[in-house]
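# Structural features, examined
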Amino acid sequence: MLKEKLEQVETRIANAAARVGRKREDITLLAVTKKFPASLIQEAYDIGLREFGENYVQEFETKRVELGNLTGARFHLIGHLQSNKSKISAAIFDVIQTVDSQKLARRLDTEQKQLDVMIEVKLSEEDAKAGAEPEEVPDLIEAIRSCAHLRLLGLMTMPPWSDDAEPSRPYFAKLRALAEANGLKHLSMGMSHDLEVAIEEGATMVRIGTALFGPRRKV
């Protein structure tokens with residue numbers, strides 16, 4: 001079942017890329033495994049997935065112990081990170097996509113582990129959404145680039161939820177423009193319901209959970 005769903009997602013990504021003249025290999029599929037057990041990550045790894053996204057530090061800390069050494073796998077934190085959890089996050093994740101302040105960047109840097117990071121940008125007016133304000137991005141870029149152990153990849157964002165994909169488009173376009181203005185290459189944006197729109201607007205990474213693994217368990 002998972003293999004079939006992966007094939008369906010791959011087809012969606014490839015078709016969206018083709019429509020706008022992009023190459024499939026320029027887009028990373030990030031399998032979002034929050035609320036799913038370590039056994040499912042292992043299953044996904046066994047059919048070829050290598051990039052995994054988790055939202056909660058404490059949840060993944062438990063799962064990470066069960067996973068052992070998955071050669072070539074990379075684990076991304078895509079949920080909000082409080083600075084007091086920077087130590088454990090640096091230890092268990094390879095990529096932190098939700099850096100939103102200079103303070104957090106400095107806390108991660110003090111762990112002296114080479115980390116890839118992205119800046120989470122708040123483009124929505126929703127109070128529940130986290131991220132740096134667009135006008136804060138240039139100074140945050142400068143601060144991250146001054147950190148010896150952090151490598152800045154690009155920007156990520158989370159638009160307001162909608163069952164329709166099209167309302168996400170202006171948020172994705174804004175993120176792309178912000179990245180271009182600051183010379184950044186990578187854009188983490190788009191999920192199961194709006195990945196096509198994200199790819200059309202320049203996403204280099206799409207975060208896919210439901211389309212691969214089905215609805216998450218309620219907790």
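Structure: above.
The model shown is predicted, which means the values in this text are computed figures rather than measured ones.

About the thresholds
For every chain, the first residue of the written sequence is number 1, and numbering continues from 1 along that sequence. Since the coordinates come from a predicted model, pLDDT governs what is reported: local features require at least 70, and pairs of side-chain atoms require 80 or more to be given and counted, while whole-chain, interface and lining totals use all residues. Side-chain numbers here rest on the full set of heavy atoms in the structure, without hydrogens or water. Two rings belonging to Phe, Tyr or Trp (six-membered ring only in the last case) form a pair when the distance between their centres is within 6.5 Å. Interplanar angles under 30 degrees mark stacking, angles over 60 mark edge-to-face geometry, and anything in between is tilted. The numbering of helices and of strands both runs from the N terminus, where a helix is a DSSP run of H or I of at least 4 residues and a strand a run of E of at least 2. Relative accessibility under 20% of the residue-type maximum defines a buried residue, over 50% an exposed one, and the middle range a partly exposed one, all with a 1.4 Å probe and only protein chains included. Note on charges: Lys and Arg go in the positive column, Asp and Glu in the negative column, and His and the chain ends are not counted at all. In the sections that follow, a salt bridge refers to a side-chain nitrogen of Lys or Arg positioned within 4 Å of a carboxyl oxygen of Asp or Glu. Whether two residues are in contact is decided by their heavy atoms, any of which lying within 4.5 Å being enough. Only the stretch in contact is used when a helix axis is fitted, and all axes are lines through C-alpha atoms; the angle between N-to-C directions ranges over 0 to 180 degrees. Small angles under 35 degrees read as roughly parallel and large ones over 145 as roughly antiparallel, with 65 to 115 read as roughly perpendicular and the rest as oblique. Helix crossings are classified by the rotation of the near helix relative to the far one: an anticlockwise turn of less than a right angle makes the crossing left-handed, while a clockwise turn makes it right-handed. In this text, buried Ala, Val, Leu, Ile, Met, Phe, Trp, Tyr and Cys residues form a nonpolar core when linked through side-chain atoms within 4.5 Å. Note that the arc is computed from the directions linking the helix axis to the C-beta atoms.

### Quick word on the packing of aromatic side chains
Summed over the entire model, instances satisfying the criterion amount to four aromatic pairs. Here the aromatic rings of phenylalanine 36 and phenylalanine 213 are separated by 5.6 Å at their centres, their planes lie at 50 degrees, and the arrangement is tilted. Within this pair, whereas phenylalanine 36 is found in the loop between strand E1 (28-32) and helix H2 (38-46), its partner phenylalanine 213 is found in helix H9 (residues 210-213), the two being separated by 177 residues in sequence. The interplanar angle of 25 degrees and the centroid separation of 5.7 Å between the aromatic rings of phenylalanine 52 and phenylalanine 75 together place this pair among those described as stacked. Here phenylalanine 52 is found in strand E2 (residues 51-54), whereas its partner phenylalanine 75 is found in strand E3 (residues 74-77), with 23 residues between them in sequence. We classify phenylalanine 52 as buried; its relative accessible area is 0%.

### Some thoughts on the side chain of lysine 34
Tracing the sequence through the fold places lysine 34 in the loop between E1 and H2. For the buried lysine 34, no salt bridge exists, and the shortest N-O distance to an oppositely charged side chain is 8.0 Å, to glutamate 59. Sequence-distant contacts of lysine 34, defined by excluding residues within four places in its chain, comprise Gly53, Glu54, Asn55, Tyr56, Glu59, Lys63 and Arg216.

### Brief notes about the packing of H2 against helix H3 (residues 57-67)
At a closest axis distance of 9 Å, the pairing of H2 and H3 adopts a crossing angle of 55 degrees. Taken together, the axes of H2 and H3 lie oblique to each other. As H2 packs across H3, the resulting crossing turns out to be right-handed. Contacts from Ala38, Ile41 and Gln42 in H2 reach Lys63, Glu66 and Leu67 in H3.

### Some details on the nonpolar core
Counting residues in each nonpolar core, the largest one holds 65 residues, and the members touching the most others are Leu155 and Val206. In terms of residue count, helix H1 (residues 2-19) provides more of this core than any other element does, six residues in total. Ignoring any residue separated from it by four or fewer positions in sequence, one finds leucine 155 in contact with Met118, Ile119, Val121, Val137, Leu175, Leu178, Ala179, Leu184, His186, Leu187 and Ser188. Counting residues in hydrophobic clusters, the runner-up holds five residues, among them Leu30, Ile78, Met156 and Met205.

### A short note on unusual backbone geometry
Its identity as a non-glycine residue notwithstanding, lysine 35 has a phi of 70 degrees, on the positive side. When you line up the elements, lysine 35 lands in the loop between E1 and H2. Despite not being glycine, glutamine 112 shows a phi value in the positive range, around 55 degrees. With respect to the secondary-structure elements, glutamine 112 resides in the loop between helix H5 (102-109) and strand E5 (115-120). Residue glutamine 112 is classed as exposed on the basis of its relative accessible area, which comes to 61%.

### Notes on helix H6 (residues 137-145)
Among the residues of H6, Val137, Leu140, Ile141, Ala143 and Ile144 are the ones counted as buried. Relative to the axis of H6, the buried residues are bounded by an arc of 165 degrees and lie together on one face. Seen from the buried face of H6, the exposed residues on the opposite side, beyond 90 degrees, are Glu142 and Arg145. For H6, the secondary structure elements touched by its buried residues are strand E4 (95-99), H5, E5, strand E6 (150-156) and helix H7 (169-181).

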